[in-house]
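Remarks on the overall topology
Residue strings, one per chain:
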Amino acid sequence: MSTDGDSAPPQGTTRVVGAQTISRAFAVLRLFRDRGTDLGVGQVAKDLGLNLSTVHRIVRALVAEGYLAQNEESERYYLGTGALLLGQAAHRNFGLDVVYPVIQNLAAQTGESVNLGVLADNAAIVVERIESAQPLRFTQPPGTRVVLHASSMGKALLAFNDEVRKRTLQGVSELPALTPKTLTNVNDLEADLEVIRARGWSIDDEESTLGVRCVGAAVRDASGNARAAIAVQAPAVRVPDARFDELGPEVVRAAKEISTLLPPGHSF
């Protein structure tokens, strides 16, 4: 059962005062971010498994600080200007305003959608996307979590980040299958990563979504380590095998350009 306050920490341990409340406030904000729609207090409480009184207090505090606002007609809540300004600041600090023209140019050159993703624990999160102007396209909005072993961005990150590769694959023999084409055997994936390191770019051959093919490349820092990647994404009907060799070098060039634009010491 949920409790409203912070419980006492076990003897011999320490806890930051108010940590549980802060954690719950972030959970509320993440819910609004992920749902992308107005939410009522009851829905928030149900989705997060919290008491109504707890959610009321958190929501009132977030409204007071400008991170949530209320629709006066529906009485539901939505992300406020405080969240918008915080997102804009993060966008600048990540250097996304600088790298946006690069991925925009890549999208124009290829005629396909382009994603920029950053490493987040055991996944890549899409933080910037240029949609293809073509009517047949696959939508993957910012905020989407992408599985590492079954995506071109993820495999580029695994290939050029030893720490993440070991954390993801060490002690594992089989990986979850997203489609019949997913590389689930770790030895097969390791062999694919070796090829990626040799040529510089990765392929998602309908491994995460049937009917979608992608080509990715790692955005590497001065030491060669990757914490971000970009990918061109298109319906499989527009990416025959021969087009992989055409798209690969273009994606690598864009990834290298992004690396040169980031301030020294900058890390996603």
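Keep in mind that what you see is a predicted model, and the values were worked out from it rather than measured. (Residues numbered from 1 in each chain as written. Predicted model: local features only at pLDDT ≥ 70, side-chain atom pairs only at ≥ 80, totals over all residues. Heavy atoms only, no water.)

**Side note on the environment of Gly 80**
Counting through the fold element by element, Gly 80 comes out in the loop between β2 (77-79) and α4 (81-93). Classification of Gly 80 by relative accessible area gives buried; the value is 10%. Residues in contact with Gly 80, not counting those within four places in the same chain, are Gly 66, Tyr 67, Leu 68 and Ala 69. (Helix = DSSP H or I, 4+ residues; strand = E, 2+ residues; numbered from the N terminus. Buried < 20%, exposed > 50% of the residue type's maximum accessible area, 1.4 Å probe, protein only. Contact = heavy atoms within 4.5 Å.)

**Brief notes about the packing of aromatic side chains**
Under the criterion given, the structure shown has zero aromatic pairs. The aromatic ring of Trp 201 is capped on one face by Arg 199, whose charged end is 4.2 Å from the ring centroid. (Phe/Tyr/Trp six-rings, centres within 6.5 Å; stacked < 30°, edge-to-face > 60°. Lys NZ or Arg CZ within 6 Å of the ring centre and 35° of its normal.)

**Description of the pattern of salt bridges**
As enumerated under the stated definition, the model contains 16 salt bridges in all. For Asp 47, the salt bridge is made with Arg 35, and the minimal N-O distance between the two is 2.3 Å. Of the two residues, Asp 47 sits in helix α2 (residues 41-48) while Arg 35 sits in helix α1 (residues 19-35), which places them twelve residues apart along the sequence. Using a relative accessible area of 39% as the deciding quantity, one classes Arg 35 as partly exposed. In this structure, Arg 243 and Glu 246 form a salt bridge, with 3.8 Å as the shortest nitrogen-oxygen distance. With Arg 243 and Glu 246 both in helix α9 (residues 241-261) and three residues apart, the pair spans about one turn of that helix. For Arg 243, a relative accessible area of 13% corresponds to the buried category. Through salt bridges that share partners, Lys 181, Asp 205, Glu 206, Arg 213 and Asp 241 make up one connected network. (Salt bridge = Lys/Arg side-chain N within 4 Å of Asp/Glu carboxyl O.)

**Points about the pairing of strand β3 (residues 113-120)**
The buried fraction of β3 amounts to eight of the eight residues, a majority that puts the element mostly inside the structure. Taking every second residue as pointing to the same face, both faces of β3 are buried, with Ser 113, Asn 115, Gly 117 and Leu 119 on one and Val 114, Leu 116, Val 118 and Ala 120 on the other. Pairing of β3 with strand β8 (residues 226-235), which is carried by six bridges, proceeds in the antiparallel orientation. When the sheet's bridge partners are listed, Gly 117 is paired in β8 with Ala 229. Summarising the sheet, β3 and strand β4 (residues 123-130) pair through seven bridges and their orientation is antiparallel. Paired with Val 114 across the strands is Ile 130, a residue of β4. Between the end of β3 and the start of β4, which pair antiparallel, lie two residues, with Asp 121 showing a positive phi angle near 60 degrees. (Pairing = 2+ DSSP bridges.)

**Observations regarding the packing of helix α5 (residues 96-110) against α9**
It is the contact of α5 with α9, at a shortest axis distance of 9 Å, that shows an interaxial angle of 165 degrees. Between α5 and α9, the crossing angle belongs to the class labelled roughly antiparallel. When the axes of α5 and α9 are compared, the crossing they make is right-handed. Residues Val 98, Val 99, Val 102, Ile 103, Leu 106, Gln 109 and Thr 110 of α5 form the contact with α9, whose participating residues are Arg 243, Leu 247, Glu 250, Val 251, Ala 254, Glu 257, Ile 258 and Leu 261. Each residue belonging to the contact of α5 with α9 can be placed in one class, and the counts come to ten nonpolar, two polar and three charged. (Axes fitted to C-alpha atoms, helices over the stretch in contact; angles between N-to-C directions. Parallel < 35°, antiparallel > 145°, perpendicular 65-115°, else oblique. Left-handed = near helix turned anticlockwise from the far one by under 90°. Nonpolar A, V, L, I, M, F, W, Y, C, P; charged D, E, K, R; others polar.)

**Some words on the side chain of Ser 152**
Looking at the element boundaries, Ser 152 is found in helix α6 (residues 152-159). Judged by its relative accessible area of 2%, Ser 152 falls in the buried class. Leaving out residues up to four positions away in the same chain, Ser 152 has contacts with Ser 202, Ile 203, Asp 204, Cys 214, Val 215, Gly 216 and Ala 231.

**A closer look at the sheet that holds β8**
The sheet built from six strands is open, its strands ordered β5-β4-β3-β8-β7-β6 with antiparallel pairing. What marks the edges here is a single partner per strand, and that holds for β5 (145-147) and β6 (202-205). Adjacent strand axes in the sheet meet at a mean angle of 35 degrees, parallel and antiparallel pairs treated alike. Bridge count for strand β7 (residues 212-220) against β8 is nine bridges, and the pairing is antiparallel. Note that in β8 the partner of Cys 214 across the bridge is Gln 233.

**Description of the confidence of the model for the chain**
The pLDDT averaged across the chain works out to 88; a share of 90% of its residues lies at or above 70. A low-confidence stretch, residues 1-17 (pLDDT under 50), is modelled with 21 contacts involving residues beyond four sequence positions or located in other chains. (pLDDT = per-residue confidence, 0-100.)

**Considering helix α8 (residues 186-199)**
The end-to-end C-alpha distance of α8 is 20 Å, a good match for the 20 Å that 14 residues give at a rise of 1.5 Å each. Inspection of α8 places Val 186, Leu 189, Asp 192, Leu 193 and Ile 196 among the buried residues, and these make up the whole buried set. Projected down its long axis, α8 shows its buried positions confined to an angular sector of 115 degrees, all on one face. Opposite the buried face of α8, at more than 90 degrees from it, the exposed residues are Asn 187 and Ala 198. Summarising the contacts, the buried residues of α8 are in contact with α6, α7 (162-169) and β6. Its side-chain oxygen placed 2.9 Å from the backbone nitrogen of Asn 187, Asn 185 serves as the N-cap of α8. One or two residues past the end of α8 sits Gly 200, with phi positive at roughly 100 degrees. (Expected span 1.5 Å × (residues − 1). Arc of directions from axis to C-beta. Polar contact = N/O pair within 3.5 Å; in protein donor to acceptor, adjacent residues only side chain to side chain.)

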